[in-house]
Amino acid sequence: MPLGKLRKALAVGASALIAAAGLVGSGAGAAQAAGSQSCDIYAAGGTPCVAAHSTTRALYGAYNGSLYQVRRSSDNTTRDIGLLSEGGVVNAAAQDSFCAGTTCLISIIYDQSGRGNHLTQAPPGYWKGPAAGGWDNLANATAAPITIGGQKAYGVRVEPGTGYRNNNTNGVAKGDQPEGIYAVVDGTHYNQWCCFDYGNAQTDGQADAPAIMETVYFGANKQWGYGDGAGPWIMADLEWGLFSGVNAGHNTLPSINHRFVTAMVKGEPNHWAIRGGNAQSGGLTNYFDGRRPNGYNPMKKEGAILLGIGGDNSVSGRGTFFEGVMTSGYPTADTENAVQANITAAGYAPSGGTPQQGSQIVGGQSNRCVEVPNSSTTNGTQVQIWDCGSGANQRWTSTSGKQLQVYGNKCLDASGQGTANGTQVIIWDCNGGTNQQWNVNSNGTITGVQSGRCLDANAAGTANGTKLILWSCNGQANQRWSLRS
Ligand code: AHR
């Protein structure tokens, strides 16, 4: 961002800004008003952004530069992707026309703060990435289509092996300096491995010591900290551990079930907090606010920035990033609440803009979703678990007749009206039969009304493609499910 525009943005009074952000309605136009975007709000609160990354929208009302760069495979040339208007949303059509007939990768995510803290392909750390020389992969530029304010946009879809980093930053908190971080992510795209992070990390890619990182983490990893249920959770990666609160291991922290998630972590000397909310509506919840875990006071932050990976370049995490910032200083709750109002007013929505019907059925053991393989609509197709995604083949609607309906006309069905252990669970035209009726129980099981047996991931499998069957209820985690809208 040019300095003049930065000054102009900062000149707007704090109370006016926060009030404006709090008052903006749900219309996308409101979110485009100059001087009222996330980083203007942080600046007005005395905690300016020192990094501001987004592939979907301007994070300053006066920003009119590029959001990101794509590189196409056909001729290896690049194109910067900018905005439809100053302070507005991305011009995704520019990407679509540049990438037509070929594939594109996101090669740079520009820093809008004016500090040059751009994110580029992550170099090898202790762990090597899958690209040449041990570098990480770049994200496919078209893999995470959504809309924002009714306009097409793309997120940064991180599959294991994908990562971005900047080890030579400007203005990012170091040592025990205070900072705030937020990321807007896809709440349905995650896994249980390390580590889909965004935020402050070590500069050498090695897990040298605890307390050298401070990032937002989103996912269902239980190797270190974790919360209630099966996840995903918003946690902090502080190095040598993800933390869900002050304790190593479990803290009271709810699983998140929003399609779009605002995830926040902030820290100052011997004090930090986790906050979060639905990025489409409503306010923030305080998930944790307290002292640093043992061994993490004082912090020894090093000020690199990463996205999609752990500090030592662990590349097994998965997630989708739409926007995020890092601030100088510990933001107040009021400032963050105004930022959340600004995010919800921006109008994030799934591609196509209409909310999806039904719920995902998420396995308690696998964290994967019940789906119809290959989006088949053929009667008799046995259902399976697979990575949760945005497809209609993973959306199940509970009807008043106890059916679990997919595509609006097919039902989850015990094959051949079978009631024995091992009966395949399939889809079939809805017909009202008791083999198509299911009790969704408060203990997390789903039982067939006819058989009384539990919906079960075969042989306690957790891999993509594990088929579902009926089995005697036995209290095991492969028979526990949660519905996520
Ligand atoms: O702290 C959790 C992870 O542990 C870090 O991201 C990584 O550097 C280390 O492997």
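The shown structure was predicted, so the numbers you read here are calculated from the model rather than taken from an experiment.

### What to know about the side chain of Asp413
Item 1. Of note, Asp413 is situated in strand S26 (residues 410-414).
Item 2. Here Asp413 occupies a buried position and makes no salt bridge, while the nearest side chain of opposite charge, Lys410, is found at 10 Å.
Item 3. A polar contact is formed between the side chain of Asp413 and the side chain of Gln436, at a distance of 2.8 Å.
Item 4. Not counting chain neighbours up to four residues away, the residues in contact with Asp413 comprise Gln424, Val425, Ile426, Trp428, Asn435, Gln436 and Trp438.

### Details of the nonpolar core
Note on soluble globular proteins: their nonpolar side chains tend to be buried together.
Item 1. In terms of nonpolar packing, the biggest core is built from 87 residues, with Val70, Val156, Tyr164, Tyr182, Tyr198 and Leu307 touching the most fellow members.
Item 2. Built from parts of two domains, this core gets at least three residues from each of domain 1 (3-350) and domain 2 (360-484).
Item 3. Val372, Ile385, Trp396 and Val425 belong to the second-largest nonpolar core, a separate cluster that totals 19 residues.

### A look at unusual backbone geometry
Item 1. Note the cis peptide between Cys194 and Cys195, where omega equals -5°.
Item 2. Checked against the element boundaries, Cys195 lands in the loop between strand S10 (179-186) and strand S11 (197-201).
Item 3. For the bond from Asn297 to Pro298, the omega torsion is 0°, close enough to zero to count as cis.
Item 4. Mapped onto the elements, Pro298 comes out in the loop between strand S17 (284-290) and strand S18 (304-307).
Item 5. Look at Asn76: it is not a glycine, yet its phi comes out positive at around 65°.
Item 6. Note on placement: Asn76 falls in the loop between strand S2 (68-72) and strand S3 (78-81).
Item 7. Relative accessible area serves as the criterion here: at 55%, Asn76 is assigned to the exposed category.

### Here we look at the site of the ligand
Item 1. The environment of the ligand is made up of 13 residues, and the closest members are Asp237, Glu239, Gly241, Gly311 and Asp312.
Item 2. In the model, an oxygen atom of the ligand is placed 2.6 Å from a nitrogen or oxygen of the Asp237 side chain.
Item 3. Interatomic distance of 2.6 Å between a side-chain N/O atom of Asp312 and an oxygen atom of the ligand.
Item 4. Within the complex, 94% of the 280 Å² of free accessible area of the ligand lies under protein.

### Observations regarding the state of the cysteines
Item 1. For the structure on display, the rule yields five disulfides.
Item 2. What pairs with Cys99 in a disulfide is Cys104, and their sulfur atoms sit 2.0 Å apart. Looking down the S-S bond of the Cys99 and Cys104 bridge, the torsion is -100°, so its handedness is left-handed. Assigned by exposure class, Cys99 and Cys104 land together as buried.

### Structural notes on the domain arrangement of the chain
Item 1. What the domain assignment reports for the chain is domain 1 (3-350) and domain 2 (360-484).
Item 2. Relative to domain 2, the C-alpha centre of domain 1 lies at a distance of 35 Å.
Item 3. Across the boundary between the two partners, domain 1 contributes 12 residues, which contact 10 residues of domain 2.
Item 4. When residues of domain 1 are sorted by the area they lose upon contact with domain 2, Thr188, Tyr190 and Ala230 head the list and together hold 48% of the total.
Item 5. Applying the counting criterion to the domain 1 and domain 2 interface returns one salt bridge.
Item 6. With a closest N to O distance of 3.2 Å, Arg318 and Asp387 form a salt bridge.

What counts and how
Residues numbered from 1 in each chain as written. Predicted model: local features only at pLDDT ≥ 70, side-chain atom pairs only at ≥ 80, totals over all residues. Heavy atoms only, no water. Helix = DSSP H or I, 4+ residues; strand = E, 2+ residues; numbered from the N terminus. Buried < 20%, exposed > 50% of the residue type's maximum accessible area, 1.4 Å probe, protein only. Lys, Arg positive; Asp, Glu negative; His and termini not counted. Salt bridge = Lys/Arg side-chain N within 4 Å of Asp/Glu carboxyl O. Polar contact = N/O pair within 3.5 Å; in protein donor to acceptor, adjacent residues only side chain to side chain. Contact = heavy atoms within 4.5 Å. Core = buried A, V, L, I, M, F, W, Y, C linked by side-chain atoms within 4.5 Å. Domains from an automatic or database assignment. Near = heavy atom within 4 Å. Areas by Shrake-Rupley, 256 points an atom, 1.4 Å probe, with all protein chains shown as cover. Disulfide = S-S within 2.5 Å. Buried area = accessible area lost by both parts, 1.4 Å probe.

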